[in-house]
Amino acid sequence: MKKIFNILYSTRLMAVLFIVFAAAMGIATFIENDYGTQTAKALVYNAWWFEAIMIFFVINFFGNIFRYRLISKEKWPVLMFHLAFLFILIGAGITRYIGYEGLMLINEGETTNKFLSETTYLNITIDNNKEQKVFHKPTLFSARGKNSWKLDDSFRGKDYSINLVNYIPWAEKKLIEDTNGSEYLFLVESSGGNRHDQYIKKGTIKNIHGVLVGFEALNRNASINIFREEGNLKLQTSSDGNWLRMADQKQGTVLKDSIQQLQLRSLYNVAGLPFVIPESVKKGELKTVRAEKKDEQKLDVLVLDIEVEGETQQIEIAGGKFNITPPKQLTINGLNFRIDYGARQLETPFSIKLNDFQLEKYPGSESAMSYASEITVIDPEETFDFRVF
């Protein structure tokens, strides 16, 4: 036993811990840069071995206080060094296992006590039209390596299971070409200043940021109708617009209710929607795939197999950090499921009023230099003003 304590309290172990800790933090920084914070947490910060390093640090620092008799006036600087590390590690542990983080969205003059959780959850509601059962399962999936998650349970005598088939970070829809597939029109639009790829299936209408766009839709009752006549793509709109052919910078107008030739690789602006049709219609199957590089503006997708008494259905659920989406609903063997993936809306025991939000920019630039918020904390027992910066 004495040998074990000698090892745990040794300066050699302390040196090894510092080296491993520094290496882990360095690797985690690269992982976070390439794959995001969630993956860094899953692979490093929330891993059991990283928590073990923290525990060994606490044991080592605590043991050294007594081993080297640091509780004395002559050694108080060294004691302060050890105590400082102990308080940091213990505080980190309290935050990790007891505290919680989140994002509070609040406008000037508003008061709220609601915030979105930093932790992402798989929220599951099950019912049989009479009773219901609710789960909020915290999740942490990695964009690198394999992920596994499964829930086996029963509800009123019926066994069911929910199994993670695939985790798709930064998910996007891509057309996988197939001569036996359906026909799709590929449209690129830039609402909000960012590029978005849209696929419109033949015979359907898609709502793109409040503008209805149809591809060979019945009755052509969309705001923007794209269809074929004699093998050529045509355009008919319910409002005026304009176009710019990017190859030679030639410009033109779009007249509402008229049928015009649609020009590929030209920038159209109709009903406030800027868009380009970069290629002709293609056949294929629309699938959810992982983006080529990290894009935290895109949602993640979970592919789940849900089985009830031998009957299985597969669903895709989009969601992610600080995001709340409507639940997917399905019924299997008499059980109704409502499932969503993302943040939970939680409440604090006090309210916050945002009196003033202050943003300072660098001279001659739109880049932010500093932020500050003047708030009022409203508690049943005490109310006070505070400056957050």
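Per-chain numbering applies: the sequence of each chain, read as written, is numbered from 1 onward. Residue-level local features of this predicted model are given only where pLDDT is at least 70; pairs of side-chain atoms are given and counted only at 80 or more, and the full residue set underlies all totals for whole chains, interfaces and linings. To obtain the side-chain values, all non-hydrogen atoms of the structure were used and water was disregarded.

Asks: Hey, could you run me through the sheet that holds strand E25 (residues 383-388) in this one?
Replies: Strand pairing in a sheet is mediated by backbone hydrogen bonds. Such pairs are either parallel or antiparallel. Strand pairing is defined by DSSP finding a minimum of two bridges between the two strands. A helix here means a DSSP run of H or I that spans at least four residues, while a strand means a run of E at least two residues long, and both kinds are numbered starting from the N terminus. With antiparallel pairing, the five strands of this open sheet are ordered in space as E1-E2-E23-E24-E25. Each having just a single partner strand, strand E1 (102-103) and E25 make up the two edges of the open sheet. As judged from the five bridges shared by strand E2 (residues 111-117) and strand E23 (residues 345-361), these two strands associate in the antiparallel manner. Bridge pairing in E23 places Thr111 opposite Lys353.

Asks: Would you explain the sheet that holds strand E9 (residues 204-208) in this entry?
Replies: Taken in spatial order, the five strands make up an open sheet running E9-E10-E11-E12-E15, and their pairing is mixed. With partners counted over all chains shown, the strands left at the sheet margins are E9 and strand E15 (260-261), one partner each. Of the pairings in the sheet, the one linking E9 to strand E10 (residues 211-215) comprises five bridges and is antiparallel in character. Each bridged residue has a counterpart across the sheet, and for Ile205 the counterpart in E10 is Gly214.

Asks: Is there a simple way to think about the pattern of salt bridges in this case?
Replies: Working definition: two side chains of opposite charge can pair if their charged atoms are close together. What counts as a salt bridge is simple: a side-chain nitrogen of Lys or Arg found within 4 Å of a carboxyl oxygen of Asp or Glu. In the structure shown here, the tally under the stated rule is 21 salt bridges. Across the pair Glu316 and Lys173 runs a salt bridge whose closest N-O atoms are separated by 3.8 Å. Remark: Lys173 occurs in strand E7 (residues 171-189) and Glu316 occurs in strand E20 (residues 311-320); sequence separation between them is 143 residues. One continuous salt-bridge network, built from bridges that share partners, spans Glu172, Lys174, Asp295 and Lys298.

Asks: Is there a simple way to explain the packing of aromatic side chains in this structure?
Replies: Paired rings are identified among Phe, Tyr and Trp, the last through its six-membered ring, by centres lying within 6.5 Å, and are further divided according to the angle between planes into stacked (under 30 degrees), edge-to-face (over 60) and tilted (the rest). Counted according to the given criterion, the structure contains 20 aromatic pairs. A ring pair is formed by Tyr100 and Phe115, whose centres lie 5.8 Å apart and whose planes are at 0°; its orientation type is stacked. One end of the pair, Tyr100, is in the loop between helix H5 (76-97) and E1; the other, Phe115, is in strand E2, and 15 residues separate them in sequence. Residue classification places Tyr100 among the exposed positions, given a relative accessible area of 55%. Here Phe115 falls in the buried class, since its relative accessible area comes to 7%. Ring pairs connect the aromatic residues Phe18, Phe21, Tyr45, Trp49, Phe50, Phe57, Phe61, Phe81 and Phe85, which therefore count as one cluster. Taking NZ or CZ as reference, Arg156 lies 5.9 Å from the ring centre of Phe155, over its face. Across the ring face of Phe227, the terminal group of Arg220 is positioned such that the distance to the ring centre comes to 3.6 Å. Think of it in three bands: residues with accessible area under 20% of the maximum for their type are buried, residues over 50% are exposed, and the middle band is partly exposed, with areas taken using a 1.4 Å probe on protein chains only. The rule is short: NZ of Lys or CZ of Arg within 6 Å of the ring centre and within 35 degrees of the ring normal puts a charge over the ring.

Asks: I tried to follow unusual backbone geometry on my own but got confused; where do I start?
Replies: Trans peptide bonds make up most of the peptide bonds, and negative phi angles are found at most residues other than glycine. With a phi close to 50°, Arg156 is a non-glycine residue in the positive phi region. As for its placement among the helices and strands, Arg156 is situated in the loop between strand E5 (150-155) and strand E6 (158-168).

Asks: What is the right way to read helix H2 (residues 11-35) from this model?
Replies: Structurally, the α-helix is built with 3.6 residues per turn, so residues lying three or four positions apart point the same way. Expected helix span is computed as 1.5 Å times (number of residues minus one). Between its first and last C-alpha atoms H2 spans 35 Å; for 25 residues at 1.5 Å apiece the expected length is 36 Å, and the two agree. Leu13, Met14, Leu17, Ala24, Ala28 and Ile31 are the residues of H2 that are buried. Contact criterion: two residues are considered in contact whenever any of their non-hydrogen atoms come within 4.5 Å of each other. Contacts made by the buried residues of H2 are with helix H1 (2-8), helix H3 (37-45), helix H4 (48-67) and H5. A positive backbone phi angle near 105° is found at Gly36, which sits one or two residues after H2.

Asks: What exactly am I supposed to notice about the packing of H4 against H5 here?
Replies: Two quantities define a packed helix pair, namely the angle between the axes and the distance from one axis to the other. All axes are obtained by fitting lines to C-alpha atoms, using only the stretch in contact for helices, and the reported angles, taken between N-to-C directions, cover 0 to 180 degrees. At a minimum axis distance of 10 Å, the contact between H4 and H5 shows a crossing angle of 145°. Relative to H5, the crossing made by H4 is left-handed. Note on element contacts: H5 touches H4 through Leu79, Phe81, His82, Leu83, Phe85, Leu86, Leu89, Arg96 and Tyr97, opposite Glu51, Met54, Phe57, Val58, Phe61, Phe62, Asn64 and Ile65. Gly is placed with the polar residues, together with every amino acid not listed as nonpolar (Ala, Val, Leu, Ile, Met, Phe, Trp, Tyr, Cys and Pro) or charged (Asp, Glu, Lys and Arg). Residue classes in the contact of H4 with H5 are distributed as 13 nonpolar, two polar and two charged. Each crossing gets its handedness from the near helix: less than a right angle anticlockwise from the far helix is left-handed, clockwise is right-handed.

As far as function goes, none of this settles anything; it's purely spatial.
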